[in-house]
Amino acid sequence: MMREVRPTRGLGPGVHPPPGARTPALVDVDAGADGRMRALRALVVGAGGIGGRIAQLLAAAGVRELTIVDSAEVKPESLLTHDVEARDVGRPKAAVVGRRAGDLAPHTRVRYACRPFQDLPLAALADVDVVLLASDNLAAELAVGEACRRHGLPLIQAALYGPTLTAEVRSLSNQDDAGPCLACAWAEADWERLDRGTRFACVGGDGLGGGHLASSVRDATRAPAPLRSAAPTRTTSELCAMAAALAVSELRRRTLSAGSDGLAAPDRSLEWSGHRMATVESPLRRAPRCAADHARWRWAPHVDLGAATPLELLRAVGAAVSDLASASLRLEGHTFALLARCACGRLSREHTFLAREAPRCDACGTGLIAAGAAWREAPLDALDPALTRSLRASGALAPSTAVLCSAAAPPTAFFEDLNPERLR
């Protein structure tokens, strides 16, 4: 899923400048502050005209780790707004940007994923310090915003509106449930476009995908709406560069606590107008009726998920058996079925978790599929008698992440392997 970049066109050992070699001594910032910027682990979603440049700027800043996610390919039209070359046409954007970043900053660990953000595993953000979003895809915007909220991660979004030569950066701290999310600024028309599956892209549409980090707002039991492509995004190369520069400048300001506006609201929007050559700053506030998920997750210590039972997970979050009716369990990469059968019916299981690689019948060669009610997020009271069986005994194959929701406690994520820094 994630590929790591091995620099191939660097200057070689002892020749490449060290990170920070050109960083100035910043006014009103302590001498060691630049180290905080270089210690960052950043995730960039979108590797187009804005996101590709953000990745290059972060690499030049010498961040510790840089991950780039984008499912699209470089197209001929990309040459007009992206920082790419003609030979890159037809190649995955994430790979092109990732390799250039790796060559630019051999001291930075660079990885990339050529797939939609929504297809990343739940633990993808467990070892990330900040997320920078540069996608005009509504489904991705909603998924990224909710994922950052769940992980308590700062989020910086860079966007633009070509007809008015406007670049905008929105910065969210995501420190508590009361703060705003990206969808808090959406109008009803935006939600309608999301429901219709409308997609926006530089040449009329890229794949949305849908997976583990998909929004909780959509009904998981409903078939996805047919995708509809809106008009291609039209902009200029310099406006993309401005949006990227503003996003990284905002990250640097917040990371270094630089500038006279250090007491500014943590959630804000900064708009730059190419017509007026001026910026306008506005606070971002929570929309009372926002339909997005604003829940902040709790992170549980390491647990052997395969050996754990649903009842043990329920007790681990401080809930009791009496809370079963309000609790649910989601196991990454699995659905839970009351009954599952193969095509010929010779192979069947009851109250079982079904993984993508479900067992296959020796007679008909087909895998187990749900033959009745099934859930990606299963109500715990529907799991009986699997409540007291280990997840492995109930069909789970190498589960890495489980999320338990209960009215008695905040949503809690259990990981097989979790950075201790995430426990808070």
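First things first, this report covers the structure right here in the doc. Quantities reported herein were computed from a predicted structural model and do not represent experimental measurements.

## Looking at the packing of helix 2 (residues 51–61) against helix 3 (residues 93–104)
Relative to each other, helix 2 and helix 3 sit at 20 degrees, their axes nearing to 9 Å. Compared by their axis directions, helix 2 and helix 3 come out roughly parallel. Between helix 2 and helix 3 lies a crossing of right-handed hand. Facing helix 2, whose interface residues are G52, A55, Q56, A59 and A60, helix 3 presents V97, R100, A101 and L104.

## Observations concerning the pattern of salt bridges
In total, this model carries 16 salt bridges according to the counting rule given. Between R100 and D83 there is a salt bridge, and its shortest N-O distance comes to 3.7 Å. Placement of R100 in helix 3 and of D83 in the loop between strand 3 (65–69) and helix 3 is noted, with a sequence separation of 17 residues between them. What makes D83 partly exposed here is its relative accessible area of 38%. Here R170 and E141 are joined by a salt bridge, their closest N and O atoms 3.3 Å apart. Of this pair, R170 sits in strand 7 (residues 166–172) while E141 sits in helix 4 (residues 138–151), and the two are 29 residues apart along the sequence.

## Overview of the sheet that holds strand 10 (residues 268–273)
In a beta sheet, neighbouring strands pair by backbone hydrogen bonds and run either parallel or antiparallel. Spatially, nine strands are ordered 1-4-3-2-5-6-7-10-11 in an open sheet, and the strand pairing comes out mixed. Looking at which strands have only one partner, the edges of the open sheet turn out to be strand 1 (3–4) and strand 11 (278–283). Alignment of strand 2 (residues 41–45) against strand 5 (residues 130–133), held across four bridges, turns out to be parallel. Within strand 5, the position partnered with A42 by the bridge is V130. Packed onto the sheet, helix 6 (residues 237–256) meets strand 5, strand 6 (155–161), strand 7 and strand 10 and runs at close to 25 degrees relative to strand 7.

## Brief notes about the packing of aromatic side chains
Within the structure shown, the criterion is met by four aromatic pairs. Judged by centre distance (5.4 Å) and plane angle (20 degrees), the ring pair of W299 and F415 falls under stacked. Of this pair, W299 sits in strand 12 (residues 298–299) while F415 sits in strand 20 (residues 409–415), placing them 116 residues apart in sequence. Assigned by exposure class, W299 and F415 land together as buried. Judged by centre distance (5.0 Å) and plane angle (65 degrees), the rings of F336 and F353 are edge-to-face. Here F336 is found in strand 14 (residues 334–341), whereas its partner F353 is found in strand 15 (residues 348–355), with 17 residues between them in sequence. In terms of burial, F336 and F353 fall into one category: buried. Ring pairing ties together the aromatic residues W297, W299 and F415, which thus form one cluster.

## Quick notes on the sheet that holds strand 18 (residues 377–379)
An order of 12-20-19-13-18 is seen for the five strands of this open sheet, with the pairing classed as mixed. Looking at which strands have only one partner, the edges of the open sheet turn out to be strand 12 and strand 18. Of the pairings in the sheet, the one linking strand 12 to strand 20 comprises two bridges and is parallel in character. When the sheet's bridge partners are listed, R298 is paired in strand 20 with T412.

## Regarding empty space enclosed by the protein
Considering all chains together, one arrives at two cavities of 30 Å³ or more under this definition. At the level of elements, helix 2 and helix 3 are the ones that each hand at least two residues to the lining of the largest cavity. Looking at the lining of the largest cavity element by element, the count peaks at three residues for helix 2. By residue class, the composition of the lining of the largest cavity is three nonpolar, four polar and three charged. Empty space within the second largest cavity amounts to approximately 30 Å³.

The rules behind the values
Residues numbered from 1 in each chain as written. Predicted model: local features only at pLDDT ≥ 70, side-chain atom pairs only at ≥ 80, totals over all residues. Heavy atoms only, no water. Axes fitted to C-alpha atoms, helices over the stretch in contact; angles between N-to-C directions. Helix = DSSP H or I, 4+ residues; strand = E, 2+ residues; numbered from the N terminus. Parallel < 35°, antiparallel > 145°, perpendicular 65-115°, else oblique. Left-handed = near helix turned anticlockwise from the far one by under 90°. Contact = heavy atoms within 4.5 Å. Salt bridge = Lys/Arg side-chain N within 4 Å of Asp/Glu carboxyl O. Buried < 20%, exposed > 50% of the residue type's maximum accessible area, 1.4 Å probe, protein only. Pairing = 2+ DSSP bridges. Phe/Tyr/Trp six-rings, centres within 6.5 Å; stacked < 30°, edge-to-face > 60°. 1 Å grid on protein atoms, 1.4 Å probe; cavity = no way out; pocket = protein on both sides within 12 Å on 5 of 7 lines; lining within 4 Å. Points joined across faces, edges and corners; volume = space filled by probe spheres on them. Nonpolar A, V, L, I, M, F, W, Y, C, P; charged D, E, K, R; others polar.

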